[in-house]
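For reference, the chains in residue letters:
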Amino acid sequence: MRRRPLVLLLTAGLALGGCGLLDDGPRTPAVVTPAVPALPLTPPQEANGALLVDGGPKALDLRLDATAMDPVRVAFKRPPAAGLLVDIDSGEVLWRLRPVTPLPIASLTKIMTAVLTAERTDADEKVRISARARNVEGSKIGILPKKQRVRLETLLNGLMLVSGNDAAVALAEHVSGTETAFVAQMNERAKEERLACTAFASASGIVDEGNRSCAVDLAAMAKLALDQPRVARIMKRRRAVLPFPTKGGRIYLYGHNYLIRDGYPGALGVKTGYTDAAGRCFVGAAEQNGRRLVVVLLHSPDPGRQATQLLNRGFSLGT
């Protein structure tokens, strides 16, 4: 069946701000140099007061009538800069706010990093830890060992549960030789998946310049992650105790995901993010009664509460 174009109405206005905070939480500010040159964005075509995305992302067969009212209506006192609530299996869009506006995404970047890594590696591969991985800024899984190799699946858990920038660099170097080469492959995959809003500048998301996506593309990335068994298993975990080549032989990782942490019914995980430019970002997923809903919130004042409210409204439809 021929796919119909996805048409989304533009919503004016965008507020960005912050106070010098880094990835996934308050930390000491740092000057960050992009790992690769910024990739120019090719935004969706604007025409006749609407934004046209031809067919939308490959992973999502979105069904959206631009003239109809969204089934879920929420009046947030302090809304996010952009967002989306979608049934990722039927393609039904339940709520949207500037869903194709490109914005900084911080560690939501790691969704694509995890997908590419899982597709191209085996869990038991051993990863060499470079000085660059050990010394990366922002959130880390811990003190990575020098001159030793770490089981790849341990690093993949650290990437998605505690948002380790060190894990992101180590995995990128393992898969592609350099982070620069890996980021080029991330951008190539984004093109293949028709992610029209998306451009990556690092494997971790610690670099804001040139690192952008939108709610529609992030929902598609979430589906890719949920449909990748290794990544899906990790994202559902509240914590993980895994082999690690240090004293004691174990590392303890505790997840950041609001839905998993708070025991939301049917929570499937996905990813949190935070930088100064991106604000607090969240992609979350849950499954109830055979329906998988994904919620995307960019630059949200309270992503945990807003995601829960949207998911509750979405799952209540038709009950």
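Residues numbered from 1 in each chain as written. Predicted model: local features only at pLDDT ≥ 70, side-chain atom pairs only at ≥ 80, totals over all residues. Heavy atoms only, no water.

You'll find the protein chain entered in an unreviewed UniProt entry as D-alanyl-D-alanine carboxypeptidase, with Paraconexibacter algicola given as the organism.

Draft legend 1. Inspection of the overall build of the protein chain at higher detail. Counting its regular elements, the protein chain contains nine helices and 14 strands. Counting only carbon and sulfur atoms, one obtains 50% of the accessible surface of the protein chain, whose full area is about 13,700 Å². (Helix = DSSP H or I, 4+ residues; strand = E, 2+ residues; numbered from the N terminus. Areas by Shrake-Rupley, 256 points an atom, 1.4 Å probe, with all protein chains shown as cover.)

Draft legend 2. Examining the packing of helix H1 (residues 110-120) against helix H5 (residues 179-192) more closely. Running from N to C, H1 and H5 cross one another at 100°; their axes reach a closest spacing of 10 Å. As the angle between them shows, H1 and H5 are arranged roughly perpendicular. In contact with Met112, Thr113, Val115, Leu116, Thr117, Glu119 and Arg120 of H1, H5 contributes Phe182, Gln185, Met186, Arg189 and Ala190. In the contact of H1 with H5, the residues fall into six nonpolar, three polar and three charged. (Axes fitted to C-alpha atoms, helices over the stretch in contact; angles between N-to-C directions. Parallel < 35°, antiparallel > 145°, perpendicular 65-115°, else oblique. Contact = heavy atoms within 4.5 Å. Nonpolar A, V, L, I, M, F, W, Y, C, P; charged D, E, K, R; others polar.)

Draft legend 3. Spatial organisation of the state of the cysteines. For the structure shown, the criterion picks out one disulfide. With its sulfur 2.3 Å from that of its partner, Cys197 forms a disulfide with Cys214. Looking down the S-S bond of the Cys197 and Cys214 bridge, the torsion is 75°, so its handedness is right-handed. Of the two residues, Cys197 sits in the loop between H5 and strand E9 (212-213) while Cys214 sits in the loop between E9 and helix H6 (215-226), which places them 17 residues apart along the sequence. One exposure class covers both Cys197 and Cys214, and it is buried. (Disulfide = S-S within 2.5 Å. Buried < 20%, exposed > 50% of the residue type's maximum accessible area, 1.4 Å probe, protein only.)

Draft legend 4. Representation of the nonpolar core in the model. Of all hydrophobic cores here, the largest spans 76 residues; its most connected members are Ile141, Leu155, Val283, Val294, Val296 and Leu298. If one sorts the elements of this core by residue count, H6 sits on top with 10 residues. Dropping the residues within four chain positions of it, Val294 is found in contact with Leu84, Leu85, Val86, Ile88, Ala219, Ala222, Leu226, Val283, Gly284 and Ala285. Among the nonpolar cores identified, the runner-up in size contains 21 residues, and Leu259, Leu297, Ala307 and Leu310 belong to it. (Core = buried A, V, L, I, M, F, W, Y, C linked by side-chain atoms within 4.5 Å.)

Draft legend 5. Quick look at the pattern of salt bridges. Counted according to the given criterion, the structure contains 12 salt bridges. Of the charged contacts in the structure, one is a salt bridge between Arg96 and Asp70, with a shortest N-O distance of 2.2 Å. Taken as a pair, Arg96 in strand E5 (residues 93-97) and Asp70 in the loop between strand E3 (50-53) and strand E4 (82-87) lie far apart in primary sequence, 26 residues in all. For the salt bridge of Asp227 with Arg292, the shortest nitrogen-to-oxygen distance reads 3.1 Å. Residue Asp227 is found in the loop between H6 and helix H7 (229-235), and its partner Arg292 is found in strand E14 (residues 291-298); the two are separated by 65 residues along the sequence. Judged by its relative accessible area of 41%, Asp227 is partly exposed. (Salt bridge = Lys/Arg side-chain N within 4 Å of Asp/Glu carboxyl O.)

Draft legend 6. Molecular detail of the packing of aromatic side chains. This model, assessed by the stated rule, comprises two aromatic pairs. Ring geometry for Phe76 against Trp95: centres 6.1 Å apart, planes inclined by 85°, an arrangement best described as edge-to-face. Of this pair, Phe76 sits in the loop between E3 and E4 while Trp95 sits in strand E5; the two residues are 19 residues apart in sequence, bridging distant segments of the chain. The exposure class of Phe76 is buried, given its relative accessible area of 12%. Judged by centre distance (4.9 Å) and plane angle (75°), the ring pair of Tyr258 and Phe282 falls under edge-to-face. With Tyr258 in helix H8 (residues 258-261) and Phe282 in strand E13 (residues 279-288), this pair connects stretches of sequence that are 24 residues apart. (Phe/Tyr/Trp six-rings, centres within 6.5 Å; stacked < 30°, edge-to-face > 60°.)

Draft legend 7. Local environment of the pairing of E13. When you tally the buried positions in E13, you get seven out of 10 residues, the bulk of the element. Two strands pair when backbone bridges link them, and strand E12 (residues 267-275) and E13 are joined in this way by eight bridges, in the antiparallel orientation. Counted as the bridge partner of Thr272 is Phe282 from E13. Pairing of E13 with E14 involves seven bridges; the strand directions are antiparallel. Paired with Phe282 across the two strands is Leu297, which belongs to E14. Connecting E13 to the next strand, E14, in antiparallel fashion are two residues, including Asn289 with a positive phi near 50°. (Pairing = 2+ DSSP bridges.)

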